[in-house]
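An overview of the molecular structure
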Amino acid sequence: MDNEKMLKAMMQAVTNAVVDVNTDEIFDQLYPKIEEKIHQTYGFLPEIHEIRSPEGIHKVVGTTHEKFDEVANIVNLDIPVYLTGKAGTGKNVICQQVAEALGLDFYFTNAVTQEYKLTGFIDANGNYQETQFYKAFTKGGLFFLDEMDASIPETLIILNAAIANRYFDFPTGKVSAHPNFRVIAAGNTVGTGADNNYTGRYCLDRASLDRFAMVNIDYSEKIEMAMAHDNKKLVSFCHCFRNITDKTGIECLFSYRTLDRIAKLEQVISNLSEVMAISLLKGIDEDTLTILRNELSNAPGMSNNKYAKAIINGNAWDF
């Protein structure tokens, strides 16, 4: 009798295992089709990210970069972050979303070419003029210094002192950092100085960069699809176009904003060549346009792509 019960139990276990395996196999086959149908019907559904901080759990709803969670977790540990990557990869948006996720106020300063833009100054009437850096340092918040590699070297000295000591000597006197003061910096180079694509960049010293965790931010296909309204042909053309400009050294930025602009304008302008001219090929000279046309004509998968054909077949004066 005991053997009989054991046999039944074993048979039931095998049956359950088969059902589980079959369920997994069925789900693996159906899920991509279900996801595709949802995208076709509703577009990309908003993502929900939850970040736990000492102040509680905060949520961010919307399309986020693949590196969002990594950056948010590093900042949450009070480790300064340096985001490096090409222009238009969404570094600014990541910082704003990280601030939202951590429940921090967001403070922003672009390339600093004069020291007082960080430290502030006392005006002729004796009043102290606060800066975004001062507010974040004293009130708490995420301070984002964009284009740090285009800022004067003195900027790094200020940041180094603020990060290392958690106090700083402003024109009004010595101030201790708020416990919730956090720092993210960004640049188009890895601190090695100017190159052909990004002139006017300073070489960042190793000691300064050692204070930052460095995270590379590249273009996100997930964000590209969202900006292109789930238009796979437009995104495919975008990738091909970037490969061509990288290979040939042509300076023509194809950013998320460009994708969004093309997707919107082609709904109201029937001439796609005109859409490409005013959205992407602004300021391109005729010789460069010829190179682009030749490269697009020979690029795999572009012969039937309407965006590539709009450039290849467009009249020179359109651009």
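Numbering of residues starts from 1 in each chain and follows the order in which that chain's sequence is written. Under the rules for a predicted model, residues below a pLDDT of 70 receive no local features and side-chain atom pairs below 80 are neither given nor counted, while totals for whole chains, interfaces and linings still include all residues. Calculation of side-chain values draws on the structure's entire complement of heavy atoms; hydrogens and water are dropped beforehand.

What characterises a pair of aromatic rings is the spacing of the ring centres plus the angle enclosed by the ring planes. Two rings from Phe, Tyr or Trp (for Trp, the six-membered ring) form a pair when their centres are within 6.5 Å of each other. A pair whose planes differ by under 30 degrees is stacked, one over 60 is edge-to-face, and the rest are tilted. Per the stated rule, a full pass over the model turns up 18 aromatic pairs. Judged by centre distance (5.3 Å) and plane angle (70 degrees), the ring pair of Phe133 and Phe143 falls under edge-to-face. Taken as a pair, Phe133 in helix H5 (residues 132-139) and Phe143 in strand E7 (residues 141-145) lie far apart in primary sequence, ten residues in all. An identical accessibility class is assigned to Phe133 and Phe143; each is buried. Cluster of aromatic residues (ring-pair linked, three or more members): Tyr128, Phe133, Tyr134, Phe137, Phe143, Phe168, Phe170 and Phe181. Here a helix means four or more residues in a row that DSSP labels H or I, a strand means two or more in a row labelled E, and each is numbered from the N terminus. Residue exposure (1.4 Å probe, protein chains only): buried if accessible area is under 20% of the type maximum, exposed if over 50%, otherwise partly exposed.

All right, on to the side chain of Asp146 then. Mapped onto the elements of the fold, Asp146 is located in the loop between E7 and helix H6 (153-165). Beyond its immediate sequence surroundings of up to four residues, Asp146 is in contact with Phe108, Thr109, Asn110, Ala111, Ser151 and Ala186. Contact definition: two residues touch when any of their heavy atoms are within 4.5 Å.

Here strand E8 (residues 167-170) shows a buried face lined by Phe168 and Phe170 and an unburied face lined by Tyr167 and Asp169. By definition, two strands form a pair when at least two bridges between them are found by DSSP. Relative to strand E9 (residues 173-176), E8 runs antiparallel, the two being bridged by four bridges. Residue Phe170 lies in a different strand from E9, and its bridge partner there is Gly173. Joining the antiparallel neighbours E8 and E9 is a turn of two residues.

Lines fitted to the C-alpha atoms define the axes, with helices restricted to the stretch that makes contact. Angles between their N-to-C directions range from 0 to 180 degrees. Put simply, helix H2 (residues 68-76) and helix H3 (residues 91-101) touch, their axes get as near as 10 Å, and they point 55 degrees apart. Relative to H3, the element H2 is oriented oblique. H3 is crossed by H2, and the crossing has right-handed handedness. Touching Phe68, Val71, Ala72 and Val75 of H2 are Ile94, Gln97, Val98 and Ala101, all from H3. Of the residues contributing to the contact of H2 with H3, the split by class is seven nonpolar, one polar and no charged. Angular relationships are summarised with four words: roughly parallel below 35 degrees, roughly antiparallel beyond 145, roughly perpendicular across 65 to 115, and oblique for the angles in between. Crossing handedness is read from the near helix: turned anticlockwise from the far helix by less than a right angle, it gives a left-handed crossing, and turned clockwise, a right-handed one. Under the convention adopted here, Pro, Cys and the residues Ala, Val, Leu, Ile, Met, Phe, Trp and Tyr are nonpolar, Asp, Glu, Lys and Arg are charged, and Gly plus all remaining residues are polar.

Functional significance is not addressed by these values, which are geometric in nature.
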